[in-house]
Amino acid sequence: MRQEKDMRQRQILATLDITPSLRVAELAQRLNVSTETIRRDLDALTQAGLLNRTYGGAVRPVGHEPALAERHALFVAERRRIADATVPLLSGARVLFFGSGATVEHVARAVALAVRGILVVTHSIGVAAALGVNSSIEVLLLPGEYHAVEGIVLGGHTVAFLQGLHADAAVLGASGMTGEGPHDVLPETAAVFAAMAARAGRSIVTADHSKFGRVFTARYAAWRQIAHLVTDAAPEGPLAWELERAQVPVTIA
């Protein structure tokens, strides 16, 4: 009985990864159980912090991400491996967009050590500083409003400037990744990432396994818009299914 309950609750969470909001009656019909059983499951999952109850249903909770300074201390070895695995995917690119985040900064450090004679366009102060150690790399820092906590610029000026540019490839981070696509905690950052993805020949998402299944405020792309995912563990469940459906190659570092 306990095993059936655990399996049913995993199915509920997997379904909410694909359809972020569901009604009790719909879940009961999908799982062939009573609405009372679904309500008990939803109550248990809510107490565990895995979803939020709504009137007549449930939604996945919007995530919270630590500040950049805190994230730099997490998954350091994994991010270094992701960075090293990303560099070969940039072969032949002469103009790159770089987003922001702890993993993307690791990629910037790896690029600075391995690549010469390219132009990098970024909204991240940390990325610009990491690339600055290589005098052969030209760095264009985007205009915009400075966000001190994340060390980035963003806003309408940033997006407008990007819309006049083109890059061979974009290196993007993610606060979370679900079957719907990569997410960012800040809608303004998501807007910058979306503009980069739209103006790049190919987009590479770099993110560690802790981002799997996490829902944040703004999705910035569908998986069909992403050329490659570089991570440190194999995705599972709805995320894996949607990556396969969108034919996104996954490199596990």
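Here's a quick rundown of the structure. For clarity, every value in this text was computed on a predicted model and none was experimentally measured.

1. Some remarks on the pattern of salt bridges
Inspection of every chain in the model, using the stated rule, returns 5 salt bridges. Where Asp208 meets Arg79, a salt bridge forms, and the shortest distance between an N and an O atom there is 3.4 Å. Of this pair, Asp208 sits in the loop between β12 (200-206) and β13 (218-219) while Arg79 is found in helix α5 (residues 76-86), placing the two residues 129 residues apart along the sequence. On the basis of relative accessibility, which here comes to 0%, the residue Asp208 falls in the buried class. We note a salt bridge from Arg109 to Glu105, for which the minimum N-O separation is 3.9 Å. Within this pair, Arg109 and its partner Glu105 are both found in helix α6 (residues 102-114), separated by 4 residues, close to a single helical turn. When its relative accessible area of 7% is taken as the criterion, Glu105 is described as buried.

2. Here's the deal with the nonpolar core
Ranked by internal contacts, the top residues of the largest apolar core, which has 31 residues, are Phe97, Met177, Met196, Val205, Tyr220 and Trp223. Mapped by element, the contributors of at least two residues to this core are β8 (152-154), α8 (156-162), β9 (167-172), α9 (187-198), β12 and α10 (237-245). Excluding its chain neighbours within four sequence positions, the residues that come into contact with Val205 are Leu172, Ala174, Met177, Pro182, Tyr220, Trp223, Ile226, His228, Leu229 and Val230. Counting 23 residues, the second-largest nonpolar core is a separate cluster that includes Ala83, Ala112, Ala169 and Ile204.

3. Focus: unusual backbone geometry
Unlike most non-glycine residues, Asn32 shows phi in positive territory, near 60 degrees. Structurally, the position occupied by Asn32 is in the loop between α2 (24-31) and α3 (35-47). Residue Asn32 is classed as exposed on the basis of its relative accessible area of 70%.

4. Quick word on the packing of α5 against α6
Viewed as axis vectors pointing N to C, α5 and α6 meet at an angle of 50 degrees, and their least axial separation amounts to 8 Å. One way to sum up the angle between α5 and α6 is to call them oblique. As α5 packs across α6, the resulting crossing turns out to be right-handed. Contact residues: Val76, Arg79, Arg80, Ile82, Ala83, Asp84 and Thr86 in α5; Ala102, Thr103, His106, Val107 and Ala110 in α6. Of the residues belonging to the contact of α5 with α6, the class tally is 6 nonpolar, 3 polar and 3 charged.

5. Points about the packing of aromatic side chains
Taken as a whole, this structure holds 1 aromatic pair when the rule is applied. Geometrically, the ring pair formed by Phe193 and Tyr220 is edge-to-face, given 5.1 Å between the ring centres and 85 degrees between the ring planes. Pair noted here: Phe193 is in helix α9 and Tyr220 is in the loop between β13 and β14 (228-231), with a separation of 27 residues, a long-range link. For Tyr220, a relative accessible area of 5% gives the class buried.

6. Description of the pairing of β9
With 5 of 6 residues buried, β9 is to be regarded as a mostly interior element. One ladder, built from 3 bridges, connects strand β4 (residues 95-98) with β9; its direction is parallel. Looking at β9, one finds that Leu96 is bridged to Ala169. Here 5 bridges tie β9 to β12, and the two strands are oriented parallel to one another.

7. Quick look at α5
Buried within α5 we find Glu78, Arg79, Ile82, Ala83 and Thr86. The buried side chains of α5 occupy one side of the element, clustering within an arc of 140 degrees when seen end-on. Seen from the buried face of α5, the exposed residues on the opposite side, beyond 90 degrees, are Arg80 and Asp84.

8. Quick look at the sheet that holds strand β11 (residues 181-184)
The strands making up a sheet associate through backbone hydrogen bonding, with each pair oriented either parallel or antiparallel. Taken together, 3 strands build an open sheet; the order of strands is β10-β11-β13 and the sheet is antiparallel. Looking along the sheet, the strands with just one partner apiece sit at the ends: β10 (176-178) and β13. In the sheet, β10 pairs with β11 via 3 bridges, with the strands oriented antiparallel. For Gly176, the partnering residue across the bridge sits in β11 and is His183.

9. Structural notes on the sheet that holds strand β2 (residues 52-54)
The sheet built from 3 strands is open, its strands ordered β1-β3-β2 with antiparallel pairing. In the strand order of this sheet, the two ends are held by β1 (21-23) and β2, each with one partner. Averaged over all adjacent pairs, the angle separating strand axes in this sheet is 25 degrees, with direction ignored. Bridge analysis of β1 against strand β3 (residues 57-59) gives 3 bridges, and the strand direction is antiparallel. For Arg23, the partnering residue across the bridge sits in β3 and is Gly57.

Conventions and cut-offs
Residues numbered from 1 in each chain as written. Predicted model: local features only at pLDDT ≥ 70, side-chain atom pairs only at ≥ 80, totals over all residues. Heavy atoms only, no water. Salt bridge = Lys/Arg side-chain N within 4 Å of Asp/Glu carboxyl O. Helix = DSSP H or I, 4+ residues; strand = E, 2+ residues; numbered from the N terminus. Buried < 20%, exposed > 50% of the residue type's maximum accessible area, 1.4 Å probe, protein only. Core = buried A, V, L, I, M, F, W, Y, C linked by side-chain atoms within 4.5 Å. Contact = heavy atoms within 4.5 Å. Axes fitted to C-alpha atoms, helices over the stretch in contact; angles between N-to-C directions. Parallel < 35°, antiparallel > 145°, perpendicular 65-115°, else oblique. Left-handed = near helix turned anticlockwise from the far one by under 90°. Nonpolar A, V, L, I, M, F, W, Y, C, P; charged D, E, K, R; others polar. Phe/Tyr/Trp six-rings, centres within 6.5 Å; stacked < 30°, edge-to-face > 60°. Pairing = 2+ DSSP bridges. Arc of directions from axis to C-beta.

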